[in-house]
Amino acid sequence: MFDYIARRILYAIPILIGVNLITFALFFVVNTPDDMARMQLGIKHVTPEAIEKWKSDKGYDKPLFFNQQKENLGNKLTETIFFEKSVAMFLFEFGRADDGRDIAEEMKSRMLPSLAIAVPVFFLGLISYVSFALLMVFFRATYIDFWGMVLCVALMSISGLFYIISGQFLLGKLWRLVPISGYGDGLDVSKFLVLPVIIGILSSAGANIRWYRTIFLEEMNKDYVRTARAKGLAEYLVLFKHVLKNAMIPIMTGAIAVVPLLFMGSLLIESFFGVPGLGSYTIDAINSQDFAIVRSMVFLGSMLYIIGLILTDISYTLVDPRIRLI
Amino acid sequence: MSISCLFLLTSCELNVWNNPYSEKDAQKNALYSVFSERPKHLDPVQSYSSSEIQFTAQIYEPPLQYHYLKRPFTLIPATAKELPAIQYLDKNGNLISGESVDEIAYSVYQITIVPGILYQPHPAFAKDESDQWLYHQLSEQEIAKASKPADFPRTGTRELVAEDYVYQIKRLAHPRLHSPIFELMADYIIGLREYATLLKQVDSQTMHNHHLDLRKYSLDGLEVVDDYTYRIKIKGKYPQFAYWLAMPFFAPIPWEADLFYSQPGLIQKNLTLDWFPVGTGPYMLTENNPNLRMVLEKNPNFHEERYPVDGMPGDEEKGLLVDANKKLPLIDKVIFTREKENIPRWNKFLQGYYDAAGIGSDSFDQAVQLTGQGEAMVTQEMAEQGIRLETTVAVSTYYMGFNMLNPIVGDGGSRAKEREAARKLRQAISIAVDYEEFISIFANGRGLVAHGPIAPGIIGYRDGKEGVNPIVYDWIDGQAKRKPIEAAKKLLEEAGYPNGINQETGSPLVLYYDVTARSADDKSKLDWMRKQFQKLNIQLVVRSTDYNRFQDKIRKGNAQIFEWGWNADYPDAENFLFLLYGPQRKVGNSGENAANYDNGEYNQFFERMKNMDDSPERQRLIDRMVEILRYDAPWLWGYHPKDFGLYHAWYQNVKPNRISNNTLKYFKIDGDTRQNKQREWNTPVVGPVLIFFVLLVVGGIPAIVAFRRREKSTAILGYIDMKRVNNNV
């Protein structure tokens with residue numbers, strides 16, 4: 001298994017370089033270093049000299065990929081914006097944002113608020129989606145199953161933004177049960193989490209419950225279910241003990257892969273609820289054309305996704321002893 | 001469930017559940033404000049945008065400030081004893097009169113500050129018992145423990161001296177800082193450009209990020225006369241320089257703070273002067289989390305300053321002089337919460353958790369109604385909540401510009417006849433585009449039609465009949481009436497485009513309108529604009545692009561018609577009229593003249609006007625310049641936006657404006673009223689939640705019954721169920 005993991009980690013390096021290269025190319029197609037300088041220096045009184053000074057200070061005064069002015073090939077490739085800005089990231093040195101703040105420090109401080117919402121949404125969501133899906137399977141072909149499906153389709157059809165706005169309107173404004181938005185310290189944070197967590201769970205409920213229901217229904221036709229019933233097991237035991245266990249591989253595939261990505265936060269929820277997480281950090285960086293942050297977040301996102309996929313593979317061996325990672 | 005329990009535990013004591021503030025923030029004498037855009041810089045040498053100055057202006061004190069109540073805006077001393085004494089010198093250094101403008105080679109501003117002003121408490125000033133600096137050479141352990149200045153156990157202070165002002169002006173040229181006004185000031189302050197070159201050389205020879213002690217390097221144009229007096233020597237006569245002295249760019253920076261924050265370990269932890277300001281102002285930044293909230297608290301060392309005792313007619317009736325002569329600041333703490341979206345911001349204002357709010361277009365009808373005379377007032381619903389409306393015309397202008405290098409709409413034609421035709425075309429379009437309608441439809445009436453580039457409230461602005469643009473308006477029955485469309489059609493015909501057809505080629509006139517990438521919401525604005533041109537049978541082609549490409553087009557002169565805007569830096573006509581000064585052209589000169597307008601006569605007048613003190617003669621010159629502009633019509637003058645702000649009844653002493661930013665110290669809060677209203681407006685409504693749970697239980701009963709029946713059923717029933725499922729699936 002360790003050979004397999006080591007191989008996967010080595011495979012990740014060219015993937016990360018590729019992702020970095022594509023991000024870099026796409027970003028600089030839209031924004032030249034001059035554009036970035038203008039964005040940072042503001043609209044008024046921006047002279048060409050000020051732009052040159054900014055570029056020189058931030059290291060954007062070099063060629064993008066190939067430095068013609070250098071003599072040997074090594075320097076031609078290394079003394080470029082791409083090389084200088086990319087290599088350090090593999091050592092987790094993300095550098096400074098255009099406003100001068102250290103990106104790694106900023107990420108550290110923003111990770112917790114993102115997790116404060118993403119972790120409960122993930123775990124409570126997973127438990128409730130699986131439970132509801134099993135219930136619907138239990139009541140399959142009854143009015144509960146039928147109306148449950150109708151409800152799921154309705155939930156899927158509504159935009160995420162609608163959940164946020166109507167949630168804020170009902171629970172925050174009309175019934176005044178929770179703060180409309182905000183974030184706090186210590187225990188105080190709990191009152192700010194209720195609404196985003198409910199909305200986070202609800203907005204994905206329709207699709208997830210239907211997906212898990214389909215998985216469970218497929219399992220219901222298997223021989224071992226018939227055997228369990230023949231043994232005289234109660235139906236709820238058949239479902240929660242046997243069917244759930246055997247349906248773990250597709251559940252794991254969907255769930256474990258996204259666990260590391262929980263650090264990245266939610267763009268929309270964080271923005272609307274004023275949560276200072278990594279999601280809103282990314283959005284702010286895109287709006288202010290801060291390439292240093294965008295590049296770091298894309299790198300972090302791809303790295304976490306790769307970790308998620310490796311963890312998924314490992315988790316298969318835990319839920320199904322027949323699987324070997326070689 | 002556990003989250004709900006925690007939430008109830010933390011909320012119950014307040015009797016309201018939706019209070020977004022913790023108990024420690026629930027101070028009576030605190031102002032709850034909001035910011036949407038995170039500040040990028042809080043170093044006064046770098047910060048320029050309104051999102052930054054709302055903080056820096058409360059912390060840093062330049063020598064001058066604007067009178068809070070007087071209009072037009074009037075400069076008064078802040079830390080200075082009096083307004084600067086200005087001496088004028090000829091090229092040989094002899095003293096001459098300020099009226100001999102042509103002979104003036106230099107102006108010397110002498111500023112004397114009030115003795116005894118102290119800085120806010122800060123670790124940069126802390127000394128031990130043997131008078132040694134405590135935190136100027138921090139160990140790794142000390143740095144590891146610190147995440148904000150308050151983490152250092154000891155603080156100190158010291159008296160403000162003239163050297164601190166000089167130090168800050170030198171920082172404009174700092175090689176590692178990017179001051180937006182460096183290039184502008186380098187044209188005026190003697191030796192500033194050379195100083196930047198010197199510092200760059202010195203910096204390149206020292207270690208990266210090493211502290212650059214500017215006290216060691218003198219600057220020709222700056223002189224410290226004594227502890228409380230300093231002089232600034234500038235080129236020629238530049239009366240507007242006094243306005244710059246009221247901006248945080250010219251606020252003092254103590255060398256101790258610069259040295260303290262230059263320690264590499266602190267920079268690594270985002271502990272920099274750019275994020276943790278050190279000033280003498282009424283407030284100090286005690287919490288700096290630009291992602292969530294910024295907190296300003298009263299500076300315990302703030303010097304003696306009193307609320308103004310005089311204002312404008314009507315100020316007393318509005319209650320703006322109730323606190324006359326009271327010691328400032330009136331509020332102890334200001335909590336700025338970051339709120340990026342309009343909907344939560346607006347709702348929290350209505351719940352009483354923000355003390356003031358702007359009005360978005362989606363909430364305008366809920367908040368404001370217009371009387372028969374067009375006067376804006378709050379709706380019944382708002383009035384019942386005690387909310388009041390304050391309006392002010394912003395010292396800004398939004399205009400539509402013609403690229404004067406273009407041969408169709410500008411002066412780009414080779415023959416005088418072509419240029420004359422282009423002028424008439426511009427005049428025709430000026431009449432056709434109905435900005436009264438635009439303001440009514442798209443700005444909810446929040447704007448004033450512009451008759452020239454100068455915004456109201458600015459020295460040089462003309463109101464009433466004298467201020468009317470005769471090219472576009474007629475003065476009828478004491479009111480400006482837009483000329484009929486026939487007048488525009490006539491001008492168009494004279495320009496060689498009868499009914500929008502080029503009489504030489506017979507082809508329809510097509511013009512190009514460059515705008516930045518638009519959302520779906522802006523489509524109606526563009527459609528409206530097309531219709532305005534359609535009145536003259538001109539086809540308007542919209543060329544939408546992203547902001548970077550748009551700027552690029554303007555810089556290269558590739559746009560034909562575009563829209564732009566300007567917020568004044570200071571309340572003087574020069575700050576608007578320079579936008580059309582030839583040498584300020586975008587193309588070739590990288591200036592601020594986006595239309596690339598270049599009229600010799602206008603340029604000459606501008607050069608005279610900008611060096612003159614306010615006088616009737618200067619006003620005459622401004623009038624003549626505006627007259628030239630109206631005739632040439634390089635812009636469609638557009639409109640000056642009106643700021644509408646809503647304020648709760650407990651928020652007092654508010655006189656909004658966009659020029660003076662250090663206004664927090666004048667505001668007052670009636671904390672008792674706010675607390676009562678918050679309780680009254682935010683009683684939780686638990687009924688619907690209880691009903692929901694009851695329905696859930698009731699709805700669950702048949703399910704439980706079905707569950708029990710199924711569990712007790714025989715195997716054959718289960719088999720039949722399976723068959724049904726298989727058929728359905």
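Residues numbered from 1 in each chain as written. Chains lettered and ligands numbered in written order. Predicted model: local features only at pLDDT ≥ 70, side-chain atom pairs only at ≥ 80, totals over all residues. Heavy atoms only, no water.

Digging into the overall build of chain B
Then step 1. Each helix and strand counted, chain B has 23 helices and 25 strands in total.
Then step 2. For chain B, the C-alpha atoms occupy an extent of roughly 110 × 85 × 55 Å along the three principal directions.
Then step 3. The 729 residues of chain B split such that 54% are buried.
Then step 4. Sequence separation of at least 24 residues holds for 70% of the intrachain contacts in chain B that already meet a minimum separation of 6.
Then step 5. Accessible surface computed for chain B: about 31700 Å², of which carbon and sulfur atoms make up 51%.
Then step 6. Looking at charge distribution, chain B has the averaged site of its 84 positive side-chain charges lying 6 Å from that of its 92 negative ones. (Helix = DSSP H or I, 4+ residues; strand = E, 2+ residues; numbered from the N terminus. Buried < 20%, exposed > 50% of the residue type's maximum accessible area, 1.4 Å probe, protein only. Contact = heavy atoms within 4.5 Å. Areas by Shrake-Rupley, 256 points an atom, 1.4 Å probe, with all protein chains shown as cover. Lys, Arg positive; Asp, Glu negative; His and termini not counted. Charge placed at Lys NZ, Arg CZ, Asp CG, Glu CD.)

Side note on the interface of chain A and chain B
Then step 1. With 73 residues of chain A at the contact, the number on the chain B side is 75 residues.
Then step 2. Summing the contributions of chain A and of chain B, the shared interface buries around 6600 Å²; its carbon and sulfur component is 53%.
Then step 3. When the buried surface of chain A facing chain B is broken down by residue, Lys44, His45 and Arg176 of chain A rank first, second and third, together holding 12% of it.
Then step 4. One can count 5 salt bridges joining chain A with chain B.
Then step 5. One salt bridge in this structure joins aspartate 99 of chain A and arginine 38 of chain B, with 2.9 Å as the shortest N-O distance.
Then step 6. Here chain A and chain B share 25 residue pairs in polar contact (both at pLDDT 80 or more) between them. (Buried area = accessible area lost by both parts, 1.4 Å probe. Salt bridge = Lys/Arg side-chain N within 4 Å of Asp/Glu carboxyl O. Polar contact = N/O pair within 3.5 Å; in protein donor to acceptor, adjacent residues only side chain to side chain.)

A closer look at the domain arrangement of chain A
All names here are of chain A.
Then step 1. If you check the domain split of chain A, you get domain 1 (2-91) and domain 2 (114-319).
Then step 2. Of note, the centres of domain 1 and domain 2, computed from C-alpha atoms alone, are 36 Å apart.
Then step 3. On the side of domain 2, 18 residues touch domain 1, which itself brings 23 residues to the contact.
Then step 4. Both faces considered, domain 1 and domain 2 share a buried interface measuring about 1800 Å² in area, 73% of it formed by carbon and sulfur atoms.
Then step 5. Linking domain 1 to domain 2 there are 1 salt bridge.
Then step 6. Among the ionic pairs, arginine 8 bridges to aspartate 313, the shortest N-O distance being 2.4 Å.
Then step 7. Viewed at the interface, domain 2 and domain 1 are joined by 5 residue pairs in polar contact (both at pLDDT 80 or more).
Then step 8. Per-element tally for the side of domain 1 that touches domain 2: the top contributor is helix H1 (residues 2-30), with 13 residues.
Then step 9. Of the residues contributing to the side of domain 1 that touches domain 2, the split by class is 15 nonpolar, 5 polar and 3 charged. (Domains from an automatic or database assignment. Nonpolar A, V, L, I, M, F, W, Y, C, P; charged D, E, K, R; others polar.)

A short note on the environment of glutamine 240 of chain B
All names here are of chain B.
Then step 1. Tracing the backbone shows glutamine 240 in the loop between strand S8 (229-235) and helix H7 (241-244).
Then step 2. Its relative accessible area of 1% is what places glutamine 240 among the buried residues.
Then step 3. Placed 417 residues apart in sequence, glutamine 240 and asparagine 657 show a C-alpha to C-alpha distance of 19 Å.
Then step 4. Contact partners of glutamine 240, with chain neighbours within four places excluded, come to Tyr570, Asp572, Glu574, Lys610 and Arg618.
Then step 5. Engagement of the side chain of glutamine 240 in a polar contact is seen with the side chain of aspartate 572, the distance being 3.5 Å.

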